[in-house]
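Descriptive structure summary
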Amino acid sequence: MAKMEVKTSLLDNMIGVGDMVLLEPLNEDSFINNLKKRFDHSEVYTYIGSVVISINPYRSLPIYTPEKVEEYRNRNFYELSPHIFALSDEAYRSLRDQDKDQCILITGESGAGKTEASKLVMSYVAAVCGKGAEVNQVKEQLLQSNPVLEAFGNAKTVRNDNSSRFGKYMDIEFDFKGDPLGGVISNYLLEKSRVVKQPRGERNFHIFYQILSGASEDFLCKLKLEQDFSRYNYLGLDSAKVNGVDDAANFRTVRNAMQIVGFMDHETQSVFEVVAAVLKLGNIEFKPESRVNGLDESKIKDKNELKEICELTGIDQSVLERAFSFRTVEAKQEKVSTTLNVAQAYYARDALAKNLYSRLFSWLVTRINESIKAQTKVRKKVMGVLDIYGFEIFEDNSFEQFIINYCNEKLQQIFIELTLKEEQEEYIREGIEWTHIEYFNNAIICDLIENNQTGILAMLDEECLRPGTVTDDTFLEKLNQVCATHQHFESRMSKCSRFLNDTSLPHSCFRIQHYAGKVMYQVEGFVDKNNDLLYRDLSQAMWKANHSLIKALFPEGNPTKINLKRPPTAGSQFKASVATLMKNLQTKNPNYIRCIKPNDKKAAHIFNDALVCHQIRYLGLLENVRVRRAGYAFRQAYEPCLERYKMLCKQTWPHWRGPARAGVEVLFNELEIPEEEFSFGRSKIFIRNPRTLFKLEDLRKQRLEDLATLIEKIYRGWKCRTRFLLMKKSQIVIASWYRRYAQQKKYQKIKSSAIIVQSYIRGWKARKLLRELKHQKRCNEAATIIAAYWHGTQARRELKRLKEEARRKHAVAVIWAYWLGLKVRREYRKFFRANAGRKIYEFTLQRLMQKYFLEMKNKMPSLSPIDKNWPARPYLFLDSTHKELKRIFHLWRCKKYRDQFTDQQKLIYEEKLEASELFKDKKALYPASVGQPFQGAYLEISKNPKYKKLKDAVDEKIIIAEVVNKINRANGKATSRIFLLTKNNVLLADQKSGNIKSEVPLGDVTKVSMSSQNDGFFAVHLKEGSGAAGKGDFLLSSDHLIEMATKLYRTTLSQTKQKLNIEISDEFLVQFRQDKVCVKFIQGSQKNGNIPTCKRKNNRLLEVAVP
Ligand SMILES: Nc1ncnc2c1ncn2[C@@H]1O[C@H](COP(=O)(O)OP(=O)(O)OP(=O)(O)O)[C@@H](O)[C@H]1O
Ligand SMILES: [Mg+2]
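All of the points below concern the structure found in this document. Treat the numbers as computed from the prediction; the structure is a model and nothing was measured.

**Quick word on the site of ligand 1**
Contacts to ligand 1 come from 18 residues, most closely from Ser-110, Lys-114, Thr-115, Ser-163 and Ser-164. Here an oxygen atom of ligand 1 sits 2.9 Å away from a polar atom, N or O, in the main chain of Gly-113. Residue Asn-162 places a main-chain N or O atom 3.3 Å away from an oxygen atom belonging to ligand 1. Mapped by element, the contributors of at least two residues to the shell around ligand 1 are α4 (114–128) and β5 (163–164). The leading source of residues in the shell around ligand 1 is α4, at 3 residues. Its residues placed into classes, the shell around ligand 1 shows 4 nonpolar, 10 polar and 4 charged.

This is how it looks when you write it as structure tokens:
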């Protein structure tokens, strides 16, 4: 739901009148009463058109809250009750939106609330302008520059507890969006005399008290300070404490602010060191010391303070001490040194303190500017805020007040120029009827002060520069001469002595009738202060300081840069800077805040009519209202006016093709604005009443809303239409695509249906054809079959007939043959019986044999010699043939088998055959040996190193090498021996050592005996009388008996061509030396397993038990 906007106006709930322009009747009393009434209701702000009058409430009002900021943000100036925020908002918006540089001119006397107002403006702008980390930092720095400058530049005066003792103009810079970029501060003439002396009831600058109250013990100790204010001559004691001011807390605020603004720690430290040095300078005291030549001299009373100052600032003590005692004057190449008397020494001390402090202050401003200056070079919009010291009238007014009041005169001048004069002139320019309003133009006072020839400042400068004795009195004299006739200058001694008898005007004073009242100035000190001289010895001493800040503050102390030209005087400097400021302000759109002080007591709720009346008068506020009222509240060139309101009239909206003025006329006629409410100037429209403007604004706002609705409507229509067209287009595209798709589908379907129909038809046709063809074929076949059957039937009939015929013929033939046979047989029967039987037998036999062999051919067994299969005999009469055939086949296949043998195998089989012939069916051991291959050399003599000797001894080929058991003839026990058979010998050798025991040539072996049983015992019989026979025959036993015997037999046969006698018997005799022993083989028990045992039974019998 739209938020209901409550339309407010300046006129709503008004206390008195919010805008003095609306005041009825208009006179001084009603003016003051209106202000008072509003003040009593805590309404401290009142307008005169766009000027804001602000009355210092001297209490905090709840009208500066963030909610208030929001309330005034982006609101029309006259829409809400008067407020400094409304002015700030107006200024900020016209800066941001209309690209006009602004300045906020805050004027009013001391304590009227200028500084507070300037802070309020700044904080409002900070609150409403852009946000963001960078922008916030800029804002923060701009805002935090205030406490720093206030601490060093403000002091308690009788009029204001926080009186600005310097003028300040701050340019805040913004980018095109209205975000702050940075700022530049200009300061004007600090009231430095306050450093060394304060009028009664006043204080020195805040920072001195803040540092002593707020700094830690440690920090004070470093600065060589003590907390006690009374220790310092420069601190006025009577009002060292100010009610409601917490110096200690403010010190912390200042330090914090310095940090935020960007002061480095060492910079802050240096600043406080300078402050401490200034404070301590006041404690240096001098005493007179007479010299012989009668000249007065001064001497420092207590050098302790001096020493500490020198330690703090890094100045050589003797240098500073000398600077306080002597003054060197340099003129051309000459240097003259004069001693200083006590008064001069004090003067030098104070001058140094004032200079140090004021230069420090200027340095602070420069340093702050360095931090807050805008970082970009883009074009900036500027809002200047001017907070200059207010108009001052003290009991004793000196040079400072003169300068301050001059500045205020200038500001008043610019106010007059821009509001009153300019306003009237504009009416004349624009040809608008105008009744002249009298107002006081203070240009004449400004001229009195600043005129280059006859102005007071020019006189003062002239006096200061004049050679000869120059005193304040000579200056006054000069003034008396030059300014005597000036309406606003008053002096007792002036030539036209209107004031000769005016006792209120002392001789040493002159009086100026300022726009804000008469002020009497004590002439004493004018020359000095204008000269603002610091003895060169002092500036040189300062430059020599081992302290970078102090050194930087006194650049003229550098002896290499001695400038004998006089520096510009304080007055001329100030005049120049004020002129620059004025020029600057004139380029900007001014916004005025006129501050009024309600009472002299700094108290809330007190409204002193007389005091306020005085201020109203000198501020020219009443004239201001009159001018506003006589004139018009608002004016604007025709073009922007038409541009702004042209939407309120059909003829001018959206474009007006004629001149702008005519357009505005049409517009105002159309809107029926009463004629007395506006006037047409040459280039501008003048609107008399703000209300008319509000009305226009309201109408415009309303119209803008309507237009917005219209635009919205048109836009929505356009959007919907475009959307509709798009959808329509899309729909057509989709439809066409869909149709295409559907048609494609349909076509495909039809096509496939056609194909199906076609194929069916074709099928049907084909089938029909096929059927016809088949029918035809069947007909043909049937015909053929029928024909065939018919032919068959015919043929069969024919065949039958033929067969019948043939049978008959055959029967005839058979019968014929039988008949013939019978006839023949009858005839040949006698020849047949003699030969036919034998021939039939032979033929049958031959036929059977043929059949037998052909069958055998197919039934032949395998070629393996051990295959026992043989087909059964078919006919009994072939029995012998069958056996013979079996034998021949066996022999043939054995031959075939043998033919495959190598010579080696042949030899082995020859040996095996030999063994078979020798032992088959004779020795029970034989069958077991058939399967064992004969290896001969079971012992590998050549490979065993143990038998190397044996090998060497036997150089023939070894046929058998085997371990045998030699049977001991004494007990039948066996001993292992190596049995070797070579081509010519039989050898027995020791198994362990390989030593040959016996060697028998084969020729000496007569016989070998063995049993028929399954044992390995054998005896080798030797020829009687041979060399080897000495020890008798050998009885041996071997596992390879069959092989050994066979090889022995074959070797003997091949060597001696004689067959070795092999006797197989279960009892045989063996010759042992002389005795013959019978070896008998018996069937033994199985006790010892399968091993035969040999036992000596008696002298003649050796029994071998074979298992
Ligand atoms: N708007 C305000 N609300 C509350 N108190 C205010 C306001 N304006 C001013 N004051 C009070 O008045 C005192 C003096 O105001 P301020 O310092 O602004 O005067 P000034 O015009 O700057 O004087 P000077 O010319 O001496 O510097 C402030 O310290 C504050 O106590
Ligand atoms: Mg101030």
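**Here's the deal with the coordination of the magnesium ion (ligand 2)**
The protein atoms that coordinate the magnesium ion (ligand 2) are Thr-115 (OG1) and Ser-164 (OG), at distances spanning 1.9 to 2.1 Å. One end of the pair, Thr-115, is in helix α4; the other, Ser-164, is in strand β5, with 49 residues separating them in the sequence. When sorted by exposure, Thr-115 lands in the same class as Ser-164, which is buried.

**Side note on the environment of Asp-302**
Residue placement: Asp-302 occurs in the loop between β9 (296–300) and α11 (303–313). A C-alpha to C-alpha distance of 7.2 Å links Asp-302 and Ile-284, two positions 18 residues apart in sequence. Among the polar contacts made by the side chain of Asp-302, one reaches the main-chain amide nitrogen of Asn-304 at a distance of 3.0 Å.

**Focus: the nonpolar core**
Counting residues in each nonpolar core, the largest one holds 185 residues, and the members touching the most others are Phe-31, Phe-152, Leu-320, Phe-324 and Phe-510. A total of 14 residues in this core trace back to one element, the largest contributor, which is helix α13 (residues 342–372). What Phe-324 contacts, discounting residues up to four positions off in sequence, is Leu-281, Ile-284, Phe-286, Ser-298, Ile-300, Leu-306, Leu-340, Ala-345, Ala-348, Arg-349, Leu-352 and Leu-538.

**Quick look at the environment of Ala-974**
Mapping Ala-974 onto the fold places it in strand β21 (residues 974–982). A relative accessible area of 49% places Ala-974 in the partly exposed class. Residue contacts for Ala-974: discarding those within four places in its chain leaves Asn-965, Lys-966 and Ile-967.

**What to know about the pattern of salt bridges**
Here the structure, examined in full by the defined rule, presents 62 salt bridges. One salt bridge connects Glu-226 with Arg-231, and the closest N-O pair in it is separated by 3.1 Å. Assessed through its relative accessible area of 38%, Glu-226 is described here as partly exposed. Assessed through its relative accessible area of 30%, Arg-231 is described here as partly exposed.

**Observations regarding the packing of aromatic side chains**
Across all of its chains, the model carries 39 aromatic pairs by this definition. With 5.8 Å between their ring centres and 35° between their planes, Phe-889 and Trp-892 make a pair best called tilted. Of this pair, Phe-889 and Trp-892 both sit in helix α27 (residues 879–899), 3 residues apart, roughly one helical turn. The exposure class assigned to Trp-892 is partly exposed, which follows from its relative accessible area of 42%. One aromatic cluster is present, built from ring pairs that chain together Phe-399, Phe-402, Phe-475, Phe-489, Phe-510, Tyr-521 and Phe-526. A cation over an aromatic ring shows up here: Arg-255 above the ring of Phe-219, its NZ or CZ 4.8 Å from the ring centre. Seen from the ring of Phe-415, Arg-594 lies directly overhead, with NZ or CZ sitting 3.7 Å from the centre.

**Brief notes about a positive patch on the surface**
There is a patch of like positive charges on the surface, built from Arg-762, Lys-765, Arg-767, Lys-768 and Arg-771. Relative to the elements of secondary structure, Lys-765 occurs in helix α26 (residues 690–859).

**A few points about a nonpolar patch on the surface**
Taken together, Trp-816, Trp-819, Leu-820 and Leu-822 make up a surface patch of nonpolar side chains, about 370 Å² in accessible area. Inspection of the secondary structure assignment puts Trp-819 in helix α26. Taking relative accessible area as the criterion, Trp-819 reaches 39% and is therefore assigned partly exposed.

**Digging into the packing of helix α5 (residues 133–153) against helix α7 (residues 206–214)**
Where α5 meets α7, the closest approach of the two axes is 5 Å, and the angle between their N-to-C directions is 100°. Between α5 and α7, the interaxial angle falls into the category roughly perpendicular. For the pair α5 and α7, contact is made by Glu-150, Ala-151 and Phe-152 and by His-206, Ile-207 and Gln-210, respectively. Tallied by class, residues from the contact of α5 with α7 come to 3 nonpolar, 2 polar and 1 charged.

Definitions and cut-offs
Residues numbered from 1 in each chain as written. Chains lettered and ligands numbered in written order. Predicted model: local features only at pLDDT ≥ 70, side-chain atom pairs only at ≥ 80, totals over all residues. Heavy atoms only, no water. Near = heavy atom within 4 Å. Polar contact = N/O pair within 3.5 Å; in protein donor to acceptor, adjacent residues only side chain to side chain. Helix = DSSP H or I, 4+ residues; strand = E, 2+ residues; numbered from the N terminus. Nonpolar A, V, L, I, M, F, W, Y, C, P; charged D, E, K, R; others polar. Donors = N, O, S within 2.8 Å, 3.2 Å for Na, K, Ca; no water. Buried < 20%, exposed > 50% of the residue type's maximum accessible area, 1.4 Å probe, protein only. Core = buried A, V, L, I, M, F, W, Y, C linked by side-chain atoms within 4.5 Å. Contact = heavy atoms within 4.5 Å. Salt bridge = Lys/Arg side-chain N within 4 Å of Asp/Glu carboxyl O. Phe/Tyr/Trp six-rings, centres within 6.5 Å; stacked < 30°, edge-to-face > 60°. Lys NZ or Arg CZ within 6 Å of the ring centre and 35° of its normal. Patch = residues over 30% accessible without salt bridge, like charges linked within 9 Å, V, L, I, M, F, W, Y side chains within 5 Å. Areas by Shrake-Rupley, 256 points an atom, 1.4 Å probe, with all protein chains shown as cover. Lys, Arg positive; Asp, Glu negative; His and termini not counted. Charge placed at Lys NZ, Arg CZ, Asp CG, Glu CD. Axes fitted to C-alpha atoms, helices over the stretch in contact; angles between N-to-C directions. Parallel < 35°, antiparallel > 145°, perpendicular 65-115°, else oblique.

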